[in-house]
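Geometric and topological summary
As a plain string of letters, each chain reads:
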Amino acid sequence: MWNNKTVSVVFPVYNEEEGILQAIEDFFGTGYVDEIVAVDNNSRDRSAELVSATEARLVTESQQGYGFALRRGIREASGDLIILAEPDGTFTGKDILKLLAYSDDFDMVMGTRTTRELIWSEANMGIFMRTGNWLVAKLMEFLFNTCSLSDCGCTMRLLHAHVVKAIQDHLTVGKSHFLPEMVILARQAGFRLIEVPVNYRGRLGTSKITGNFKGTIRTGTNMIGLILKYRLKTWFGPKVQ
């Protein structure tokens, strides 16, 4: 709990048996997390079995895709403050304090993995990945007049429950380019946004999205297409109420 507000953490889970137990322990261990919702997205390993043996709540999402898993998770989460994160060791539980500290003044607090001093040596965030994330984030910042953005693909972020309620029925993306849509919809609805730097460590297991050059290019291209589509739509269509 944080300032009398309950805190939920949502983990998208797809073949995460190597890191899931450590992540659950790490985030619960902060003392601020009331609930962890682990959304199993058709894992073929022991992820679901391992989650079931913990205090985390296991939810199953049959539609395959990172976005589908997160969308299911935010609908299932019961907290006043909902934090998205990864159960693969890339994020640290203690960094939720950074998000929570800004949650009193902002409706959505987004992490950024592009601060060089917080990128661990084994992390998958080389110059190409970091520059690509920065460029796409700046495109979104420019087209939608957001707060300063430097990372378009950082899962770790906090949303107030009222933000989830406002945008969840407007979310359309189910695959790996899901995250920019949340930002755009929140911005259109007039919510207050801010980005803060978080630690980014090496992954336990294999990346399903940016583990290879082809996957990185595909996700980045889809993000750019999504951002441009929304910009055109907002010129001619209704905004989120």
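Residues numbered from 1 in each chain as written. Predicted model: local features only at pLDDT ≥ 70, side-chain atom pairs only at ≥ 80, totals over all residues. Heavy atoms only, no water.

1. Quick notes on the pattern of salt bridges
Side-chain pairing between opposite charges can occur once the charged atoms of the two side chains come close. The final tally for this structure, using the stated rule, is 12 salt bridges. Arg46 serves as the salt-bridge partner of Glu49, at 3.6 Å between the closest nitrogen and oxygen. Judged by its relative accessible area of 41%, Arg46 is partly exposed. Here Asp88 makes a salt bridge to Arg203, at a shortest N to O gap of 3.2 Å. Residue Asp88 is located in the loop between strand S4 (81-84) and helix H4 (96-103), and its partner Arg203 is located in the loop between strand S7 (193-197) and helix H8 (213-236); the two are separated by 115 residues in the primary sequence. The class of Asp88 is buried, set by a relative accessible area of 5%. By relative accessible area, Arg203 is classed as partly exposed at 23%. Linked through salt bridges whose partners overlap, the residues forming this network are Glu35, Arg57, Glu61, Arg72 and Glu76. (Salt bridge = Lys/Arg side-chain N within 4 Å of Asp/Glu carboxyl O. Buried < 20%, exposed > 50% of the residue type's maximum accessible area, 1.4 Å probe, protein only. Helix = DSSP H or I, 4+ residues; strand = E, 2+ residues; numbered from the N terminus.)

2. Quick look at the pairing of strand S5 (residues 108-112)
In terms of residue burial, S5 counts as a mostly covered element, since five of its five residues are buried. Of the two faces of S5, the one holding Met108, Met110 and Thr112 and the one holding Val109 and Gly111 are both buried throughout. Pairing between S5 and S7: five bridges, direction parallel. Counterpart to Val109 in the pairing with S7 is Ile194. (Pairing = 2+ DSSP bridges.)

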